[in-house]
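Geometric and topological summary
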Amino acid sequence: MSRAPSELAARIAVGAVLVAVALSALWLGSHAFWLLCVLMALGVLYEWAALDEASAGTKRLAQLALMVPLALLSPLAIVAPAPHVPYFLALGLIFGAALFVQGVTRRGFLAAGVVYAGLPVLALLWLRDQPRGLEFTFWTLGLVWACDIGAYFAGRTIGGARLAPAISPNKTWAGAIGGVVLASIVAALLHWRTGLPWRLTLATPVLAMLAEGGDLFESWLKRRAGVKDSGTLLPGHGGLLDRLDGLVPVAPVAAFLVMLPRLQGYWG
């Protein structure tokens, strides 16, 4: 788990810049947040396609297919007759884009990448568009960041038994527990300071474990492809996939939990 001081300094500096950019876009909302999410999705899909050894043309085809549902969610898009219509349409179009990519390229793994990159962005944009969207989206991002920070430093400090040595030899049980604990503390503070609903506060430890599962899944993808990092865009972190792997499974579940009272109302 040891890292050179220069590598750790680069990791902290780049991480701080990424958090600052994300928080600024989150605060501004509208075009800024949409643009950041779109760039995130296209970058993740690019790296996913690279893991599949897709050609440059095939990568662009997959990105263009994903841009169709993402463009529908642009603040410049035509206002729908009901607030949730664009999101339901975009959800269907994401799966439609995956089917299109599968049909044209015959690459099932690449088609799965369209869903992998598109769903969390759809969830984040929907969360930000809610009446308490700033708070709910910050909770979603914050628990993933806290989980990553807690796991990193607990793993470095305590070490001990490996969590999944066949997939990611550097991850430890101490790190996993540290990540869950710090994410839970962040959620508890949000509940105390902002009134974060109990269902979200209590679900945070489970979502933190889900984030760690996303991290392990991405480690498995890299092992499958025979690479150390998904990319080299972010010094000290690797690629966008390396940085966003925990957010991918968490964002859709977080959006579902926020939506749950409305669904209960519909069903009730």
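Heads up: the structure comes first, above all this text.
Per chain, residues are indexed from 1 in the order of the written sequence. For this predicted model, a pLDDT threshold of at least 70 governs which residues receive local features, and a threshold of 80 or more governs which side-chain atom pairs are given and counted, while totals over whole chains, interfaces and linings are taken from all residues. Calculated side-chain values reflect all of the structure's heavy atoms, with hydrogen atoms and water omitted.

**A few points about the overall build of the protein chain**
Along the protein chain, the regular secondary structure elements total 10 helices and 2 strands. Helix numbering and strand numbering both begin at the N terminus, where a helix is a DSSP run of H or I of at least 4 residues and a strand a DSSP run of E of at least 2. Each helix and strand of the protein chain, ordered N terminal to C terminal, gives the series α-α-α-α-α-α-β-β-α-α-α-α. Atoms counted for the radius of gyration: C-alpha only. Globule rule: 2.2 Å times residue count to the power 0.38. Its C-alpha atoms give the protein chain a radius of gyration of 18 Å, within 12% of the compact-globule value 18 Å for 268 residues. Judged by the C-alpha coordinates and their principal axes, the protein chain covers about 55 × 50 × 35 Å. Burial classes: relative accessible area under 20% of the type maximum marks a residue as buried, over 50% as exposed, and values in between as partly exposed (1.4 Å probe, protein chains only). Residue burial in the protein chain is summarised as follows: out of 268 residues, 48% are buried. Charge counting follows a simple rule: Lys and Arg are positive, Asp and Glu are negative, and His as well as the terminal groups are ignored. Every charge is mapped to an atom, namely NZ of Lys, CZ of Arg, CG of Asp or CD of Glu. Averaged over its 19 positive side-chain charges, the protein chain has a centre that lies 2 Å from the centre of its 13 negative ones.

**Some points on the packing of helix α2 (residues 30-51) against helix α3 (residues 56-72)**
A fitted line through C-alpha atoms represents every axis, and for helices the fit uses only the stretch in contact; the resulting angles, taken between N-to-C directions, go from 0 to 180 degrees. Taken N-terminus to C-terminus, the directions of α2 and α3 make an angle of 150°; their axes are 10 Å apart at the nearest point. One element, α2, and the other, α3, form an angle in the roughly antiparallel class. Along this stretch, α2 crosses α3, giving a crossing that reads as right-handed. Residues W34, V38, A41, L42, L45, Y46, A49 and A50 of α2 pack against K59, A62, Q63, L66, M67, L70 and A71 of α3. Nonpolar residues are Ala, Val, Leu, Ile, Met, Phe, Trp, Tyr, Cys and Pro. Charged residues are Asp, Glu, Lys and Arg, and all others, Gly as well, are polar. Grouping the amino acids of the contact of α2 with α3 by side-chain chemistry returns 13 nonpolar, 1 polar and 1 charged. For classification purposes, angles smaller than 35 degrees are called roughly parallel, those larger than 145 roughly antiparallel, those between 65 and 115 roughly perpendicular, and all remaining angles oblique. Crossing chirality is assigned from the near helix's rotation relative to the far helix, an anticlockwise turn below a right angle marking it left-handed and a clockwise turn marking it right-handed. We call two residues in contact when some of their heavy atoms are within 4.5 Å.

**Points about unusual backbone geometry**
Unusually for a residue other than glycine, S30 sits at a positive phi of about 45°. Unusually for a residue other than glycine, R106 sits at a positive phi of about 60°. When you line up the elements, R106 lands in the loop between α4 (85-105) and α5 (108-128).

**Side note on the packing of aromatic side chains**
Centre distance and the angle of the planes are the two values used to describe a pair of aromatic rings. Planes of paired rings set the category: under 30 degrees apart is stacked, over 60 is edge-to-face and the rest tilted, where pairs are Phe, Tyr or Trp rings (Trp by its six-membered ring) whose centres lie within 6.5 Å. Tallied over the full model, the rule gives 5 aromatic pairs. Counting every residue linked through ring pairs, the aromatic cluster contains W48, F109, Y116, F217 and W220. Over the ring of Y46 we find K59; its NZ or CZ atom is 4.4 Å from the centre of that ring. Criterion for a charge above a ring: Lys NZ or Arg CZ within 6 Å of the ring centre, and within 35 degrees of the ring normal. In this arrangement the basic side chain of R224 is found over the ring face of F109, its NZ or CZ atom lying 4.3 Å from the centre.

**Describing the environment of M67**
Within the secondary structure, M67 sits in helix α3. Judged by its relative accessible area of 24%, M67 falls in the partly exposed class. Residues M67 and N170 lie 103 residues apart in sequence; the distance between their C-alpha atoms is 36 Å. Setting aside residues no more than four positions away along its own chain, M67 makes contact with V38 and L42.

**Some details on the pattern of salt bridges**
Should a side-chain nitrogen of Lys or Arg be within 4 Å of a carboxyl oxygen of Asp or Glu, the pair is scored as a salt bridge. Throughout the structure, instances matching the rule amount to 6 salt bridges. A salt bridge links D52 to R107, with the shortest nitrogen-to-oxygen separation between them at 2.9 Å. Residue D52 is found in the loop between α2 and α3, and its partner R107 is found in the loop between α4 and α5; the two are separated by 55 residues along the sequence. Take D52: its relative accessible area is 15%, and that puts it in the buried class.

**Overview of helix α7 (residues 173-194)**
The end-to-end C-alpha distance of α7, which contains 22 residues, comes to 31 Å, matching closely the 32 Å that a straight helix rising 1.5 Å per residue would cover. Restricting attention to buried positions, one finds in α7 the residues A174, G175, A176, G178, G179, V180, A183, A187 and L190. At its buried positions, α7 is contacted by α6 (133-158), β1 (162-164), β2 (168-172) and α8 (198-225). A positive phi of about 75° marks G195, the residue just after α7. Here, expected helix span is obtained from the residue count minus one, scaled by 1.5 Å.

**As for the side chain of T137**
Along the chain, the position of T137 falls in helix α6. Once you skip the residues sitting within four places of it in the chain, T137 turns out to touch L26, F33, L124, L127 and R128.

**Quick word on the nonpolar core**
Nonpolar side chains tend toward joint burial in soluble globular proteins. Here, nonpolar core means buried Ala, Val, Leu, Ile, Met, Phe, Trp, Tyr and Cys residues that are tied together by side-chain atoms lying within 4.5 Å of each other. One finds L124, L125, W139 and L247 to be the most contacted residues of the largest nonpolar core, which totals 71 residues. The element that contributes the greatest number of residues to this core is α5, accounting for 14 residues. Setting aside anything within four residues of it in sequence, one finds L124 in contact with F33, C37, M40, T137, T140, L141, L247 and A251.

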